[in-house]
Amino acid sequence: AVVSTQSTGEEALTFAQRELAPHGEEHPEILPELERCMALFAFPHPESSPFGDLMKPSHKHLVAGELNAAILESQNEQTTTKLHSIMRILLWAQDQLTQNKVSFPKMDDISSGVISNTL
């Protein structure tokens, strides 16, 4: 079935209003980040919007890591492994070098360790 982007966006906004807005009211410290995320719906190409950094793989990995840590913490488990911390640093550093247009050997596929030169 074909789903239009508009209907998907409307469903996401409805979900946010129903499920996420109450959390923003209860925890005002998360409201700015929640607003940034929801602002992505206002742009036809969110990756090139002022909030495009939220669409980058490095941010997705950061969010996934924070979610995993919260789940582990709720189960009284160790929240991060050393490898995970190193991978987060690697992704962040590569993102910073790319943003500053620095040529460096970039690890394109972390799972296989494939490295290529950039720029």
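To start, this report covers the structure provided alongside it. (Residues numbered from 1 in each chain as written. Predicted model: local features only at pLDDT ≥ 70, side-chain atom pairs only at ≥ 80, totals over all residues. Heavy atoms only, no water.)

1. Notes on the overall build of the protein chain
Across its full length, the protein chain carries four helices and two strands. Starting at the N terminus, the α and β elements of the protein chain follow one another as α-α-α-α-β-β. Counting the 119 residues in the protein chain, one finds 14% classified as buried. Long-range pairs, those at least 24 residues apart, make up 17% of the contacts in the protein chain with a sequence separation of at least 6. With the model as given, the accessible surface of the protein chain reaches about 9,100 Å², and the carbon-plus-sulfur share is 60%. (Helix = DSSP H or I, 4+ residues; strand = E, 2+ residues; numbered from the N terminus. Buried < 20%, exposed > 50% of the residue type's maximum accessible area, 1.4 Å probe, protein only. Contact = heavy atoms within 4.5 Å. Areas by Shrake-Rupley, 256 points an atom, 1.4 Å probe, with all protein chains shown as cover.)

2. Observations regarding the pattern of salt bridges
Oppositely charged side chains can form a pair if their charged atoms are brought close together. Following the criterion strictly, the structure yields three salt bridges and no others. Of the charged contacts, one joins Glu19 and Arg18 as a salt bridge, the two residues approaching to 3.1 Å between their closest N and O atoms. Several salt bridges share partner residues, and in doing so they unite Glu33, Arg36 and Asp53 into one network. (Salt bridge = Lys/Arg side-chain N within 4 Å of Asp/Glu carboxyl O.)

3. Some points on the packing of helix α3 (residues 57–74) against helix α4 (residues 82–99)
Two numbers describe how α3 lies on α4: the axes approach to 9 Å, and their chain directions differ by 155°. Taken together, the axis directions place α3 and α4 in an arrangement best described as roughly antiparallel. You can see that α3 and α4 cross each other, and the crossing is left-handed. On α4, the residues that touch Ser58, His61, Leu62 and Gly65 of α3 are His84, Arg88, Leu91 and Asp95. (Axes fitted to C-alpha atoms, helices over the stretch in contact; angles between N-to-C directions. Parallel < 35°, antiparallel > 145°, perpendicular 65-115°, else oblique. Left-handed = near helix turned anticlockwise from the far one by under 90°.)

4. Points about the environment of Thr14
Relative to the helices and strands, Thr14 is located in helix α1 (residues 5–26). Given a relative accessible area of 41%, Thr14 falls into the partly exposed group. Among the polar contacts listed, one links the side chain of Thr14 to the backbone oxygen of Glu10, at a separation of 2.9 Å. (Polar contact = N/O pair within 3.5 Å; in protein donor to acceptor, adjacent residues only side chain to side chain.)

5. Some thoughts on the side chain of Asp95
Positionally, Asp95 belongs in helix α4. When near neighbours in sequence (up to four residues on either side) are disregarded, Asp95 contacts Lys56 and Ser58.

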